[in-house]
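Observations on chain architecture
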Amino acid sequence: MKHRMSLLLSLILASNGIATAAEVHFAPGRVAASGLTGPSDLVLADLDGDGRPDLLTLSTDGGRIVWYRNTGGAIPFGPQRIISDVALSPRSIAAADIDRDGDLDVVSASAGDSIIGWHENLGGGSFGDPAANRRVIASTAAGPAALFVADIDRDGYPDVVSGSSFAAQVFWFRNDGAPRSSPEWIRGDLLDAAGNVSDVAVADLDRDGDPDVIAGLDAARSIVWFENADGAGSFATPVIVQNTDGVSSLFVADPDGDGDPDVLAASCDDGTLTWYLNDGGPADWIARVIPSADPCPESAVAADLDQDGDPDVLAAASGGSIAWYPNEDGAGSFGAARRFPGSAAGALVARAADLDRDGDPDVVASSGTAAAIELFENRTIHRNAVFEGRGAVLSDFRFSSTAAADLDSDGDPDPIGASGADRTIQWAPNFGGGEFGFLNDVTTGSDGTETILAADLDRDGTIDLIGAGPGAPSSLVWYPNPDGAGTFPVDMVVSSAIEFGSIAAGDVDGDADLDLIGSGTLSSQGRFLVFENTDGAGTFM
């Protein structure tokens, strides 16, 4: 009876648009940004003001702080845009409206030059000269590696809290309301001792109406709470929340739903994720350990991935990849890890936001091993961003030819479209049941392709694409699909002899491979051409 009731509950939840943990489906990871060294922080925030979360990250190589615009397209992030390239070993970033002009600026902490700076958003995601746009907030912290932006003194201006990697320093820096003209912000000291700080966070832990600070002291193996005693940034003596085996990251949320802010800590040293439940007093904390699915969890955040109204845990582990842990009862009891398909090893950090605006949270994660950021599309709901009614895939282009074939080798035929006017061929993954994912570009440089054909030309067991049209110089082009995942890394020109109108594939010479047949015009005369697949691997003559 228990199993029948559980099944009935799942069906009821699903029928009301609420996904249970087992029903949350993420598409396999695909690279959203690459060429990044040690991308140890990620922020999803709307930097250009278009209503879509953009991707903000960093690269220790070259001291780059960069962002990628969410275009709303297939892989939704555009090319890399450099905000700053002068930081030495940037470690942490944040987005906040520092000057209160209505757009999000960027704050950065770099351990190599011990500078905390802010980068003014001039509007629309323009940050000016990357070599000259950093305004110094502070240069007195010893290797700042963690930061958090919050209004500590409640004056309406966002302040900055920092933690240092070369000392156990926790400082806060007051924004006086004139950040452009301030040489360096006034510093308030919470802690200055030997050791190091792995992370800092800000929340009203005692629920007295002002923001407190919590910090992970990695060398001291403890988590400490600094009470904002007067609500204006005068902090009391730190209270130890918990002695630990090391702290990698901190995040504040309320997984047990009792109204008290609790603390989520990831520990690479002991391989655990731990919730410290706030029981109402400064020393009253209850530890609940979630065994990590992978060694060395570097970071963990809370996000409602299954949309059941309570925070789940999303974790990244450098000894493995990324996983999420469902909050099964809304009271802080977490289930077994759910892994993300195709995630790269060496994960550093993961974040969640509704990138395609379809009503469910997607996930991005950085990998130090792959030097890249991966996107995992949540394909559970798809309310309005990808679909216009059930099964309608939206595109910015007007297709002149369409086809259907299993490009990603999952057993479902995927829709394919060619737009000659837009020089584009695109396809969308079919997840089954009338649900489709982001559109993927096969090419954006096709020369007037008007006709598209799907066939396995090189006999590798995967479906390739062939495009034909009147464009020159390459009017008949083969796009191999070598990995069976629909990546199409190269294009191979078969012929530019005529302006093709239609194409077909068949074994014309009886040698067990597919040849190509094309018809079209040359000098206003009709032509009919056969291209022999001479080696069965896509070499045509």
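Parameters at a glance
Residues numbered from 1 in each chain as written. Predicted model: local features only at pLDDT ≥ 70, side-chain atom pairs only at ≥ 80, totals over all residues. Heavy atoms only, no water. Helix = DSSP H or I, 4+ residues; strand = E, 2+ residues; numbered from the N terminus. Buried < 20%, exposed > 50% of the residue type's maximum accessible area, 1.4 Å probe, protein only. Contact = heavy atoms within 4.5 Å. Areas by Shrake-Rupley, 256 points an atom, 1.4 Å probe, with all protein chains shown as cover. Phe/Tyr/Trp six-rings, centres within 6.5 Å; stacked < 30°, edge-to-face > 60°. Lys NZ or Arg CZ within 6 Å of the ring centre and 35° of its normal. Core = buried A, V, L, I, M, F, W, Y, C linked by side-chain atoms within 4.5 Å. pLDDT = per-residue confidence, 0-100. Salt bridge = Lys/Arg side-chain N within 4 Å of Asp/Glu carboxyl O. Pairing = 2+ DSSP bridges.

Another point: the overall build of the protein chain. Counting its secondary structure elements, the protein chain contains one helix and 41 strands. The buried share among the 541 residues of the protein chain stands at 54%. Taking as baseline every contact in the protein chain between residues at least 6 positions apart, the subset at least 24 positions apart corresponds to 43%. Summing over all exposed atoms, the protein chain offers an accessible surface of approximately 21200 Å²; the carbon and sulfur share of this is 51%.

Turning to the packing of aromatic side chains, a few remarks are in order. Applying the stated criterion across every chain yields a total of five aromatic pairs. Taking the centre distance of 6.1 Å and the plane angle of 15° together, the rings of Trp275 and Phe334 count as stacked. Pair noted here: Trp275 is in strand β20 (residues 272-278) and Phe334 is in the loop between β24 (322-325) and β25 (338-339), with a separation of 59 residues, a long-range link. Ring geometry for Trp478 against Phe540: centres 6.3 Å apart, planes inclined by 80°, an arrangement best described as edge-to-face. Remark: Phe540 occurs in the segment after β41 (525-531) and Trp478 occurs in strand β37 (residues 476-479); sequence separation between them is 62 residues. We note that Trp478, like Phe540, is buried. Lying over the aromatic face of Tyr157, Arg100 brings its terminal NZ or CZ to 4.0 Å of the ring centre. Against the face of Phe171 rests Arg187, its NZ or CZ located 3.9 Å from the ring centre.

A few words now on the nonpolar core. If you look at the biggest cluster of nonpolar residues, it comprises 18 residues, and the most contacted ones within it are Val161, Val170, Val213, Ala215 and Phe226. Taken together, the elements giving at least two residues each to this core come down to β10 (144-150), β12 (168-174), β13 (186-193), β14 (197-203), β15 (212-217) and β16 (222-226). With residues near it in sequence (within four places) discarded, Ala215 still touches Val170, Val197, Asp199, Val200, Ser222, Ile223, Val224, Phe226 and Leu250. By size, the runner-up hydrophobic cluster in this structure holds 16 residues, among which are Ala94, Ile98, Ala141 and Val149.

With that out of the way, let us pick up the confidence of the model for the protein chain. In the predicted model, the protein chain carries a mean pLDDT of 85, and 87% of its residues have values of at least 70. Across residues 1-22 the pLDDT falls below 50, and counting only partners more than four positions away or on other chains, this stretch makes 18 contacts in the model. Considering only residues more than four positions removed or in separate chains, one finds that residues 382-394, a stretch of pLDDT under 50, has 38 contacts.

Attention now goes to the pattern of salt bridges. A full pass over the atoms with the stated rule returns 15 salt bridges. With a shortest N-O distance of 3.1 Å, Glu120 and Arg180 are connected by a salt bridge. Here the residue Glu120 occupies a position in the loop between β8 (115-119) and β9 (134-138), and Arg180 occupies one in the loop between β12 and β13, the gap between them amounting to 60 residues. Given the relative accessible area of 10%, Glu120 is considered buried. Residue classification places Arg180 among the partly exposed residues on the basis of a relative accessible area of 42%. Of the charged contacts in the structure, one is a salt bridge between Arg221 and Asp269, with a shortest N-O distance of 3.3 Å. Highlighted residues: Arg221 in the loop between β15 and β16 and Asp269 in the loop between β19 (262-267) and β20, separated in sequence by 48 residues. Among the ionic contacts, a cluster of salt bridges with common partners joins Asp48, Asp50, Arg52 and Arg69.

Moving on: unusual backbone geometry. Although it is not a glycine, Ser114 sits at a positive phi angle of roughly 55°. On the secondary structure map, Ser114 appears in the loop between β7 (105-110) and β8. On the basis of relative accessibility, which here comes to 18%, the residue Ser114 falls in the buried class. Notably, Ala371 is not glycine yet its phi reads approximately 55°, a positive angle. If you trace the backbone, Ala371 turns up in the loop between β27 (362-367) and β28 (372-376).

Here β24 shows a buried face lined by Ile322 and Trp324 and a second buried face lined by Ala323 and Tyr325. Examined bridge by bridge, strand β23 (residues 312-317) and β24 share four bridges and lie antiparallel to one another. The residue bridging Val313 from the neighbouring strand is Tyr325, located in β24. From the end of β23 to the start of β24, which pair antiparallel, there are four residues.

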